[in-house]
Amino acid sequence: SDPALEQTFDPSSAREGKRANKIAFQEQVGLSVNPEAPLYFWPSRLDPTQKGCQLLTEILHELVVAHADVGLQIALVADGPFQKHFHEIVNMHGLHDRVAVRDFDENLSRLGYAASDFTLMPSLFEPCGLAQMIAMLYGSLPVVHNTGGLRDSVLHLHPEGDSGNGFVFENFDGSGFRWAIEESMDYFRSAATWRAGETTRIMMESRESFRQDRMIENYLSIYQQISALKLDGRVYR
């Protein structure tokens, strides 16, 4: 029901809906219009202290070159001190049709979730994280560092199975991040019909997992456990 989208969709119509939104997004941010290209979306502020954007600058050029055969694209809709470094890399290597760097805009960001195949969140630390949950609801699979709320909400997806909802790396460095992106590209190169089914599954599971009433129940359960916590033989209430 998001009015920011070119075409709204639900889990059963995600394949067609995401295709229409990808074309609209590519046109708006100046990427080559190619609905078959894998599109990675960066939604978080470009803050190297927490968000891990420096890891993407380390591998950006080689990543785009390595997957030139399928036209891999990366779009950043985000503000922050590291934005200038992405502009420098794009300008130096002439990547304007493959890498888009735009200031944050609420409507453009929501279109980016709907358009993208994957959402990048290589945070050093992330107490909760909202972007990975939003991404899954829009059918964009998160690529995350195994920390905090990202660890709690993203399970690594293996191409041979029917479980998991994203791609998770352990080592917080460019190589670790690149490994997870390559895992996602292996997934992208698998059969399109199977991927469409996985997107439908992940969207449906996310709708159930991230319902507000379910989250409230989980919080209440934690507080109830804490309220009866026994320490040193004494009960603290």
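Above this text is the structure in question.
The rules behind each value
Residues numbered from 1 in each chain as written. Predicted model: local features only at pLDDT ≥ 70, side-chain atom pairs only at ≥ 80, totals over all residues. Heavy atoms only, no water. Helix = DSSP H or I, 4+ residues; strand = E, 2+ residues; numbered from the N terminus. Rg over C-alpha atoms; globule rule 2.2 N^0.38 Å. Buried < 20%, exposed > 50% of the residue type's maximum accessible area, 1.4 Å probe, protein only. Contact = heavy atoms within 4.5 Å. Lys, Arg positive; Asp, Glu negative; His and termini not counted. Charge placed at Lys NZ, Arg CZ, Asp CG, Glu CD. Pairing = 2+ DSSP bridges. Right-handed = clockwise from strand over helix to strand, strands pointing away. Phe/Tyr/Trp six-rings, centres within 6.5 Å; stacked < 30°, edge-to-face > 60°. Lys NZ or Arg CZ within 6 Å of the ring centre and 35° of its normal. Patch = residues over 30% accessible without salt bridge, like charges linked within 9 Å, V, L, I, M, F, W, Y side chains within 5 Å. Areas by Shrake-Rupley, 256 points an atom, 1.4 Å probe, with all protein chains shown as cover. Salt bridge = Lys/Arg side-chain N within 4 Å of Asp/Glu carboxyl O.

Novice: Which parts of the structure should I look at to understand the overall build of the protein chain?
Specialist: Helix and strand content of the protein chain: nine helices and eight strands. For a compact globule of 237 residues, the expected C-alpha radius of gyration is about 18 Å, and the protein chain comes in at 19 Å, within 12% of that figure. For the protein chain, buried positions account for 50% of its 237 residues. Counting only contacts in the protein chain whose residues sit at least 6 apart along the sequence, the fraction spanning at least 24 positions is 65%. Computed over 21 positive and 32 negative side-chain charges, the inter-centroid distance for the protein chain is 5 Å.

Novice: So what exactly am I meant to see when it comes to the pairing of strand 1 (residues 39–42) here?
Specialist: Regular strands place side chains that alternate from one sheet face to the opposite one. Burial along strand 1 is two-sided: the residues Leu39 and Phe41 and Tyr40 and Trp42 are all buried. Where strand 1 and strand 2 (residues 73–77) come together, four bridges link them in parallel fashion. Note on strand 2: the bridge partner recorded for Phe41 is Ala75. Considered for its hand, the β-α-β crossover made up of strand 1, helix 2 (residues 53–66) and strand 2 is right-handed.

Novice: How should I be thinking about the environment of Asn107 in this particular structure?
Specialist: For Asn107, the position within the fold is in helix 4 (residues 106–115). With 106 residues separating them along the chain, Asn107 and Ser1 place their C-alpha atoms 13 Å apart.

Novice: Before we go on, may I ask you to explain the pairing of strand 4 (residues 118–121) in this structure?
Specialist: Burial along strand 4 is two-sided: Phe118 and Leu120 and Thr119 and Met121, pointing in opposite directions, are all buried. Summarising the sheet, strand 1 and strand 4 pair through two bridges and their orientation is parallel. Considered in strand 4, the bridge of Tyr40 is made with Phe118. The pairing of strand 4 with strand 5 (residues 141–145) spans four bridges and is classified as parallel. For Met121, the partnering residue across the bridge sits in strand 5 and is Val144.

Novice: What is the right way to read the packing of aromatic side chains from this model?
Specialist: The description of an aromatic ring pair rests on the distance of the ring centres and on the angle between the ring planes. The final tally for this structure, using the stated rule, is 10 aromatic pairs. Where Tyr187 meets Trp194, the ring centres are 5.5 Å apart and the plane angle is 65 degrees; that geometry is what we call edge-to-face. Of the residues examined, Tyr187 reaches a relative accessible area of 3% and is grouped as buried. Assessed through its relative accessible area of 27%, Trp194 is described here as partly exposed. In this arrangement the basic side chain of Arg195 is found over the ring face of Phe188, its NZ or CZ atom lying 4.4 Å from the centre.

Novice: Would you explain a nonpolar patch on the surface in this entry?
Specialist: On the surface, Tyr219, Ile222, Tyr223 and Ile226 cluster together to form a nonpolar patch covering roughly 460 Å² of accessible area. With respect to the element layout, Tyr223 can be found in helix 9 (residues 212–227).

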